[in-house]
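Tertiary structure, described
So you can see what is in the structure, the chains are spelled out below.
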Amino acid sequence: MELGLTPKERKGLDVAVADLRRVLGPVDAYLAKYSSRNGMNGRRTVIFGTKVSGRDGRPLLSMGRVDGRHVLRFTIGSKEDRKVLQAVTEFSSWREVLDHLVFPLEALAEGSTTFQAKMASVGKNLKKHHRGVYDRRAYGKSRMPADYRAEETPGPPASVLLGEMDKIRNPTTRLTMMEARLGQGTFRREMLKLWGHRCAVTDCTVPALIRASHAQPWAHEVTEDQWLPGGQDPRLDPHNGLPLVGTLDLLFDAGLMTFDDDGDAIFADKQVRKQLADAGLIPGNMCLRKAPGDRLKHYLAIHRGRVFKGKLPRSRTR
């Protein structure tokens, strides 16, 4: 299904799903056609709110389009519910809510603390003081549209997440898997702990600049009898990947860079490496800050074989 999202907007939508589930509870995400007033001109969009029977639902937020960008904004038809939300967001009119609480998906892709804080505040106030509105507008069963698919992109599309998670019945497991898919939550925390809360290459300690990226791709499914000793799903194993600053994370995720068993970097294109080094975007002598352990070696071997797009030197392990 075409939603017209850019890759970064698709990631932002996935991050929004995880953030909303974390602070609001099992809010439903579903598909609907929206009026031109939302900027979608009758096209299908994604709605967040309580899904009821058939095609009906009680929207809390929806994806709209403003100035050529896809955004999330509050969407409530009932005047009574609007008054409540206006009060908990501390605006003097509903128009101010619509004008000021607009969250571009591209900004959400980087993890918007403003969005997270505002949604947490809304959820807390609704649950404590306006339970009826919360039950009508926010509380659901973690439903996700099975037919939600984004345009094809290199590697597994990020927004396929919605379809993947719909297969998991347990809400707690679903949230854990969703966060891991996005490099967040427990997966990110445990991975950073393994590396002293620093980038595995540059030693950078700024959390906002470090991303947790899988080495064994999310889509590379294995049966339980193929898991490493310890019985942990590779998608949740903090050893399956590296905490890297933005540029290195993009290179690693795109298969333009990998690491051998000694932790030395291998680039798919030597010219790309030279250009980035000359521009000061990557270290001249690139290697991991510490030698990979056995578990990481296992996952890096999969990365070299399935993700890396270059040719491996004969002397390097495969």
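For every chain, the first residue of its written sequence is number 1, and the numbers climb from 1 along that sequence. A pLDDT threshold of at least 70 governs which residues receive local features in this predicted model, and a stricter bar of 80 or more applies before side-chain atom pairs are shown or counted, although totals over entire chains, interfaces and linings include all residues. Side-chain measures were taken over the full set of non-hydrogen atoms in the model, leaving aside hydrogen atoms and water.

1. Digging into helix 2 (residues 79–88)
One turn of an α-helix holds 3.6 residues; hence residues three or four places apart share an orientation. Going by this rule: Buried, partly exposed and exposed residues are distinguished by accessible area as a fraction of the type maximum, computed with a 1.4 Å probe on protein chains only: under 20%, between the cut-offs, and over 50%, respectively. Starting at the N terminus, helices and strands are each numbered in turn, a helix being any DSSP run of H or I of at least four residues and a strand any DSSP run of E of at least two. Contacts are assigned to residue pairs that have any heavy atoms within 4.5 Å of one another.
Turning to helix 2, its buried residues are Asp81, Val84, Leu85, Gln86 and Val88. Buried residues along helix 2 sit against strand 4 (69–74), helix 3 (94–100), helix 5 (113–129) and helix 6 (131–137). Where helix 2 ends, the next residue or the one after it, Glu90, has phi of about 65 degrees, a positive value.

2. Focus: the packing of helix 1 (residues 7–24) against helix 5
Note the threshold: In this analysis, axes come from line fits to C-alpha atoms, helices being fitted only over the stretch in contact, and the angle between any two N-to-C directions falls in the range 0 to 180 degrees. Note: crossing handedness is left-handed where the near helix turns anticlockwise from the far helix by less than a right angle, and right-handed where it turns clockwise. Put simply, Ala, Val, Leu, Ile, Met, Phe, Trp, Tyr, Cys and Pro go in the nonpolar bin, Asp, Glu, Lys and Arg in the charged bin, and everything else, Gly too, in the polar bin.
Where helix 1 contacts helix 5, the axes come no closer than 9 Å and their chain directions differ by 30 degrees. Taken as a pair, helix 1 and helix 5 cross one another with a handedness that is right-handed. From helix 1, Ala16, Asp19, Leu20, Val23 and Leu24 reach across to helix 5, where they touch Phe115, Gln116, Met119, Ala120, Gly123 and Lys127. Here the residues of the contact of helix 1 with helix 5 are counted per class, giving 7 nonpolar, 2 polar and 2 charged.

3. Considerations on the environment of Asp14
Examined against the element boundaries, Asp14 turns out to sit in helix 1. Assessed through its relative accessible area of 0%, Asp14 is described here as buried. Along the sequence, Asp14 and Leu108 sit 94 residues apart, while their C-alpha atoms lie 9.0 Å from each other.

4. Looking at the packing of aromatic side chains
Spelled out, the test is: The criterion for an aromatic pair is that two Phe, Tyr or Trp rings (for Trp, the six-membered ring) have centres within 6.5 Å, with stacked assigned to planes under 30 degrees apart, edge-to-face to planes over 60 apart and tilted to the rest. In this scheme, the term charge over a ring applies when either NZ of a lysine or CZ of an arginine sits within 6 Å of the ring centre and within 35 degrees of the ring normal.
Tallied over the full model, the rule gives 3 aromatic pairs. Geometrically, the ring pair formed by Tyr134 and Tyr139 is tilted, given 6.2 Å between the ring centres and 50 degrees between the ring planes. A relative accessible area of 3% means that Tyr134 is categorised as buried. Under the relative-accessibility criterion, Tyr139 is labelled partly exposed at 41%. An angle of 45 degrees between the planes, with centres 6.1 Å apart, marks the rings of Phe252 and Phe259 as tilted. Accessibility expressed as a relative area gives 0% for Phe252, which makes it buried. Note that Lys290 overlies the ring of Trp195, its terminal NZ or CZ placed 4.8 Å from the centroid.

5. Re helix 10 (residues 246–253)
To be explicit about the condition: This arc describes the spread of directions from the helix axis toward the C-beta atoms.
Residues of helix 10 that are buried include every one of Leu248, Asp249, Leu251 and Phe252, and no others. Along the long axis of helix 10, the arc covered by the buried residues comes to 165 degrees, so they all point the same way. Those residues of helix 10 that are exposed and angled more than 90 degrees off the buried face are Leu250 and Asp253. Against strand 6 (210–214), strand 7 (241–245), strand 8 (257–259), strand 9 (265–267), helix 11 (270–278) and helix 12 (294–306) lie the buried residues of helix 10. Just beyond helix 10, the residue with positive phi is Gly255, at close to 80 degrees.

6. So, the confidence of the model for the chain
Operational definition: How sure the predictor is of each residue is captured by pLDDT, a score from 0 to 100.
Considering every residue of the chain, the mean pLDDT works out to 78; 76% of them sit at 70 or more. When mean pLDDT is taken per element in the chain, strand 8 scores highest with 95 and helix 7 (residues 161–165) scores lowest with 49. Here residues 146–163 is a poorly scored stretch, pLDDT under 50, and it has 38 contacts once near neighbours within four places are set aside; other chains count.

7. A closer look at the side chain of Asp260
Note the cut-off: A 3.5 Å cut-off defines polar contacts: any pair of N or O atoms within that distance qualifies, except that in protein one atom must be a possible hydrogen donor and the other a possible acceptor, and neighbouring residues in sequence count only when both atoms are side-chain atoms.
Structurally, Asp260 can be placed in the loop between strand 8 and strand 9. A polar contact is formed between the side chain of Asp260 and the backbone nitrogen of Asp264, at a distance of 2.9 Å.

8. Considering the nonpolar core
Nonpolar side chains in soluble globular proteins tend to end up buried together. Worth spelling out the cut-off: Residues belong to a common nonpolar core when they are buried Ala, Val, Leu, Ile, Met, Phe, Trp, Tyr or Cys residues joined through side-chain atoms within 4.5 Å.
Counting residues in hydrophobic clusters, the biggest one holds 34 residues, and the most contacted among them are Leu20, Phe48, Leu72, Phe74 and Phe115. In terms of residue count, the dominant contributor to this core is helix 1 (5 residues). Residue contacts for Phe48: discarding those within four places in its chain leaves Leu13, Val17, Leu20, Val27, Asp28, Ala29, Pro59, Leu60, Leu61 and Leu72. In terms of nonpolar packing, the next biggest core, distinct from the first, is built from 24 residues, Cys199, Leu242, Leu244 and Leu248 among them.

9. Topic: the pattern of salt bridges
Put simply, the test is: One speaks of a salt bridge when a side-chain nitrogen belonging to Lys or Arg is within 4 Å of a carboxyl oxygen belonging to Asp or Glu.
On inspection of all chains with the given rule, the structure shows 12 salt bridges. The closest approach of N and O atoms between Asp81 and Arg137, which form a salt bridge, is 2.9 Å. With Asp81 in helix 2 and Arg137 in helix 6, this residue pair connects regions lying 56 residues apart in the sequence. Residue Asp81 shares its accessibility class with Arg137, and that shared class is buried. Among the salt bridges present, the one from Arg211 reaches Asp249, with a minimum N-O distance of 3.8 Å. Note that Arg211 is positioned in strand 6 and Asp249 in helix 10, a separation of 38 residues in sequence. If you follow the salt bridges from partner to partner, you end up with Asp81, Arg136 and Arg137 in one network.

10. Quick notes on unusual backbone geometry
Residue Glu90 is not a glycine yet carries a positive backbone phi of 65 degrees. Relative to the elements of secondary structure, Glu90 occurs in the loop between helix 2 and helix 3.

11. A word on the pairing of strand 7
Working note: regular strand, side chains alternate between the two faces of the sheet. The line we're drawing: When DSSP finds two or more bridges between two strands, those strands count as paired.
Extensive coverage of strand 7 is indicated by the burial of 5 of its 5 residues. Burial along strand 7 is two-sided: Gly241, Pro243 and Val245 and Leu242 and Leu244, pointing in opposite directions, are all buried. Across 5 bridges, strand 6 lies against strand 7 in antiparallel orientation. Residue Arg211 lies in a different strand from strand 7, and its bridge partner there is Leu244.

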